[in-house]
Amino acid sequence: MKILVTGGAGYIGSHTCVELLNSGFDVVVLDNLCNSNPESLKRVEKITDKQVTFINGDVRDRECLQSIFKEHDVKAAIHFAGLKAVGESCEMPLNYYDNNVYGSIVLAQELEKAGIKKIVFSSSATVYGDPEKLPLTEDMPLSATNPYGASKLMVEDIYRDLEKSDELAKTDNPWSICLLRYFNPVGAHASGSIGEDPNGIPNNLMPFISQVAVGKLKQLSVFGSDYPTVDGTGVRDYIHVVDLAKGHVKAVQALLKDLTGVHAINLGTGNGLSVLQLLKAFEEQNKIEVPYQIVDRRPGDVAACYADASKAKTILGWQAELDVNAMVKDTWVWQSGNPQGYK
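Residues numbered from 1 in each chain as written. Predicted model: local features only at pLDDT ≥ 70, side-chain atom pairs only at ≥ 80, totals over all residues. Heavy atoms only, no water.

Novice: Hey, could you go over the overall build of the chain for me, with residue numbers and the actual values?
Specialist: Secondary structure summary: the chain contains 11 helices and 14 strands in total. Here the chain has a C-alpha radius of gyration of 19 Å; the compact-globule value for 343 residues is 20 Å, and the two agree. The dimensions of the chain, computed from C-alpha atoms along their principal axes, are 55 × 45 × 40 Å. When contacts within the chain are restricted to residue pairs at least 6 apart in sequence, long-range pairs at least 24 apart make up 80% of them. Averaging the coordinates of the 33 positive side-chain charges in the chain and doing the same for the 43 negative ones gives two points 3 Å apart. (Helix = DSSP H or I, 4+ residues; strand = E, 2+ residues; numbered from the N terminus. Rg over C-alpha atoms; globule rule 2.2 N^0.38 Å. Contact = heavy atoms within 4.5 Å. Lys, Arg positive; Asp, Glu negative; His and termini not counted. Charge placed at Lys NZ, Arg CZ, Asp CG, Glu CD.)

Written out as structure tokens, the structure reads:
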């Protein structure tokens, strides 16, 4: 059974390909490689001893999508393809709306034409904006504080409207969509073969820590130490990328079985860790010191953000299993073995 994975050569996409292949699915990857490397898919094949069909193309290319659906008997799509840096989205909002929103529209239109009305969409906890209370539940008010978050929320709204259109049309082939809102993916495959390989200076905490540890960057900047948290630094819900990948497999399996309609589902551990707690865990587990400095807060950062992940357990039968020690250990195995990433 074939699954189309857009953006499948990226960080979360490549790990999801591993879990799909290990679960008996065949994988067709569509990726334009703007923020990924095809080497990741070669390593996926080595890890699983199975082949990946790779198409170098853009999700906004209708002819490319049509040729994929003509050549391959795709049963569902996992949609990762999208730009993902908050700061960059503020500098280049049109690029983000074009890639993330328009790309998601084109994909849905071409899936519908092909009669494949099953999508797992890569959403984000950013759709909760600046939350009034924690933990975050899927029925809380939604908002966005930057174009990246706005693009995810727009796509969620667009995909929710597909359920309404099904009701009006009384179709016998309704849409089945999971909007997976994940929190802070970290870690790497336990083999150390695939992991996070961001372009330029990392936007996220864990690759920044690991690149300082390997000597690629001089020191870590900790943004703010005066938040109302356990130690004054920001608190986030960090989830191991392998757990996250398994969540996508569970979502695909549910859609292929009997889950219809549109479902927003958090993927997180339900536990918050501060910046300094994660840093300390990394140092202690890997026996390495990471120099850091406290700097001013970043505009738009919230004090704390973590999930209520009970809905994922109820609907998908999924829950996070890997703890922070596995997250930091696997990150270091990947980074120390690949100091320049895939390059």
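From this point on, the discussion continues.
Novice: Lay out helix H1 (residues 11-22) in plain terms, naming residues and giving numbers.
Specialist: Look at H1: 17 Å from first C-alpha to last across 12 residues, which is about the 16 Å you get at 1.5 Å a residue. With respect to burial, H1 is a largely interior element, 11 of its 12 residues being buried. Those residues of H1 that sit buried are Tyr-11, Ile-12, Gly-13, Ser-14, His-15, Thr-16, Cys-17, Val-18, Glu-19, Leu-20 and Leu-21. Trailing H1 by a residue or two, Gly-24 shows a phi angle of about 95 degrees, which is positive. (Expected span 1.5 Å × (residues − 1). Buried < 20%, exposed > 50% of the residue type's maximum accessible area, 1.4 Å probe, protein only.)

Novice: So, empty space enclosed by the protein: which residues are in play, and what are the values?
Specialist: The final tally for this structure, using the stated rule, is 2 cavities of 30 Å³ or more. Volume-wise, the largest cavity comes out at about 50 Å³. Among the secondary structure elements, those contributing two or more residues to the lining of the largest cavity are helix H7 (205-213) and helix H11 (324-337). Taken together, the residues of the lining of the largest cavity break down into 5 nonpolar, 4 polar and 1 charged. Put simply, the second largest cavity is a space of about 40 Å³. His-79, Ala-81, Gly-82, Asn-100, Ser-104, Phe-121, Ser-151, Lys-152 and Val-155 are the residues that line the second largest cavity. Elements with a minimum of two residues in the lining of the second largest cavity: helix H5 (93-113) and helix H6 (147-169). A per-element tally of the lining of the second largest cavity places H6 first, with 3 residues. Residue classes in the lining of the second largest cavity are distributed as 3 nonpolar, 5 polar and 1 charged. (1 Å grid on protein atoms, 1.4 Å probe; cavity = no way out; pocket = protein on both sides within 12 Å on 5 of 7 lines; lining within 4 Å. Points joined across faces, edges and corners; volume = space filled by probe spheres on them. Nonpolar A, V, L, I, M, F, W, Y, C, P; charged D, E, K, R; others polar.)

Novice: Which residues make up the side chain of Glu-156, and what are the values?
Specialist: Considering the arrangement of structural elements, one finds Glu-156 in helix H6. Judged by relative accessible area, which is 0%, Glu-156 ranks as buried. Residues within four places of Glu-156 in sequence aside, it is in contact with Phe-121, Ser-123, Val-127, Leu-142, Leu-179 and Arg-181.

Novice: Tell me about the pattern of salt bridges, and name the residues and values.
Specialist: Summed over the entire model, instances satisfying the criterion amount to 15 salt bridges. We note a salt bridge from Arg-160 to Glu-156, for which the minimum N-O separation is 3.0 Å. Here Arg-160 pairs with Glu-156, and both are found in helix H6, just 4 residues apart, close to one helical turn. (Salt bridge = Lys/Arg side-chain N within 4 Å of Asp/Glu carboxyl O.)

Novice: Before we move on, can you summarise the packing of helix H3 (residues 62-71) against H5 with the specific residues and values?
Specialist: Between H3 and H5, whose axes approach to 10 Å, the crossing angle comes to 35 degrees. Considering the relative orientation of H3 and H5, their crossing is right-handed. In this structure, H3 uses Arg-62, Leu-65, Gln-66 and Phe-69 to contact H5, whose residues at the interface are Tyr-102, Val-106, Leu-107, Gln-109, Glu-110, Leu-111 and Lys-113. Its residues placed into classes, the contact of H3 with H5 shows 6 nonpolar, 2 polar and 3 charged. (Axes fitted to C-alpha atoms, helices over the stretch in contact; angles between N-to-C directions. Left-handed = near helix turned anticlockwise from the far one by under 90°.)

Novice: Tell me what's going on with the environment of Leu-21, and back it up with residues and numbers.
Specialist: Mapped onto the fold, Leu-21 is located in helix H1. Separated by 27 residues in sequence, Leu-21 and Thr-48 place their C-alpha atoms 6.8 Å apart. The contacts of Leu-21, once residues within four sequence positions are left out, are Val-27, Val-44, Thr-48, Lys-50, Gln-51 and Val-52.

Novice: Lay out the packing of H1 against helix H2 (residues 39-48) with the relevant residues and their values.
Specialist: One can describe the packing of H1 onto H2 by two numbers: an axis separation of 10 Å at closest approach and a directional angle of 30 degrees. Between H1 and H2, the angle falls in the class roughly parallel. When the axes of H1 and H2 are compared, the crossing they make is right-handed. Residues Ser-14, Cys-17, Val-18, Leu-21 and Asn-22 of H1 form the contact with H2, whose participating residues are Ser-40, Val-44, Ile-47 and Thr-48. Taken together, the residues of the contact of H1 with H2 sort by class into 5 nonpolar, 4 polar and no charged. (Parallel < 35°, antiparallel > 145°, perpendicular 65-115°, else oblique.)

Novice: Which residues make up H3, and what are the values?
Specialist: Buried within H3 we find Cys-64, Leu-65, Ile-68 and Phe-69. Along H3, the residues classed as buried sweep out an arc of 130 degrees about the axis, all on the same side. Exposed and facing more than 90 degrees away from the buried side of H3 are Glu-63, Lys-70 and Glu-71. Buried residues belonging to H3 abut strand S1 (2-6), strand S2 (26-31), strand S3 (53-56), strand S4 (74-79) and H5. (Arc of directions from axis to C-beta.)

Keep in mind that these numbers describe shape and distance, not what the molecule does.
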